[in-house]
Amino acid sequence: MRRPQLWMLMVLGIVVLASAVAVVHAKYRSRVLFGELQRLEAQADAVDIEWERLLIEHGAWGTPAHIEASARKKLKMRMPRAEEVIIIKGHYGG
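Draft legend 1. Focus on the overall build of the protein chain. On a plain count of helices and strands, the protein chain comes out with two helices and zero strands. Computed over its C-alpha atoms, the radius of gyration of the protein chain comes to 37 Å, more than 25% above the 12 Å expected for a compact globule of 94 residues. In terms of overall dimensions, the protein chain has C-alpha extents of about 120 × 40 × 15 Å along its principal axes. In the protein chain, which comprises 94 residues, the share counted as buried stands at 1%. Of the side chains in the protein chain, 14 bear a positive and 10 a negative charge, and the two mean positions are spaced by 10 Å.

Draft legend 2. Quick look at the pattern of salt bridges. The final tally for this structure, using the stated rule, is seven salt bridges. With its nearest N and O atoms 2.7 Å apart, the salt bridge here joins E36 to R39. Taken as a pair, E36 and R39 lie in helix α1 (residues 3-61) at a separation of three residues, close to a single helical turn. Assessed through its relative accessible area of 35%, E36 is described here as partly exposed. Exposure remark for R39: the relative accessible area of 45% places this residue in the partly exposed category. The shortest N-O distance in the salt bridge between R53 and E50 comes to 2.6 Å. Within this pair, R53 and its partner E50 are both found in helix α1, separated by three residues, close to a single helical turn. With a relative accessible area of 35%, E50 lands in the partly exposed category. Residues joined by salt bridges that share partners form a network here, namely R78, R81, E83 and E84.

Draft legend 3. Examining a nonpolar patch on the surface more closely. There is a patch of nonpolar side chains on the surface, built from M1, L6, W7, L9 and M10 and spanning about 590 Å² of accessible area. Of note, L9 is situated in helix α1. Under the relative-accessibility criterion, L9 is labelled partly exposed at 48%.

Draft legend 4. How the structure looks around unusual backbone geometry. Positive phi values are uncommon outside glycine, yet K76 reaches one of about 55°. Its location among the elements puts K76 in the segment after α2 (64-74). Residue classification places K76 among the exposed residues on the basis of a relative accessible area of 68%.

Draft legend 5. Region of interest: a negative patch on the surface. Side chains of E41, D45, D48 and E52 sit close together on the surface and give a patch of like negative charge. Tracing the chain through its elements places D48 in helix α1. D48 gets classed as partly exposed once you look at its relative accessible area, which sits at 48%.

The rules behind each value
- Residues numbered from 1 in each chain as written.
- Predicted model: local features only at pLDDT ≥ 70, side-chain atom pairs only at ≥ 80, totals over all residues.
- Heavy atoms only, no water.
- Helix = DSSP H or I, 4+ residues; strand = E, 2+ residues; numbered from the N terminus.
- Rg over C-alpha atoms; globule rule 2.2 N^0.38 Å.
- Buried < 20%, exposed > 50% of the residue type's maximum accessible area, 1.4 Å probe, protein only.
- Lys, Arg positive; Asp, Glu negative; His and termini not counted.
- Charge placed at Lys NZ, Arg CZ, Asp CG, Glu CD.
- Salt bridge = Lys/Arg side-chain N within 4 Å of Asp/Glu carboxyl O.
- Patch = residues over 30% accessible without salt bridge, like charges linked within 9 Å, V, L, I, M, F, W, Y side chains within 5 Å.
- Areas by Shrake-Rupley, 256 points an atom, 1.4 Å probe, with all protein chains shown as cover.

Set out below in structure tokens:
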């Protein structure tokens, strides 16, 4: 083999070797990133489940029955007796 052909063959060999290393590294990074994607998707699913739970809880805490029960228990509130009720009549212009 002539010297220029030998150099060309060596350069091509180095390029092929570098390409192979790049492919292996890209495959490794792909697997690492796919694992990270799976972890983040699982985390997003957990956050979605928590959000749904909080929406349900928010709906339950806002019901009139729950508000009344809390007012009775925590604030010691009660319905006024008939003699405690005052009706105010007024004239509203219109």
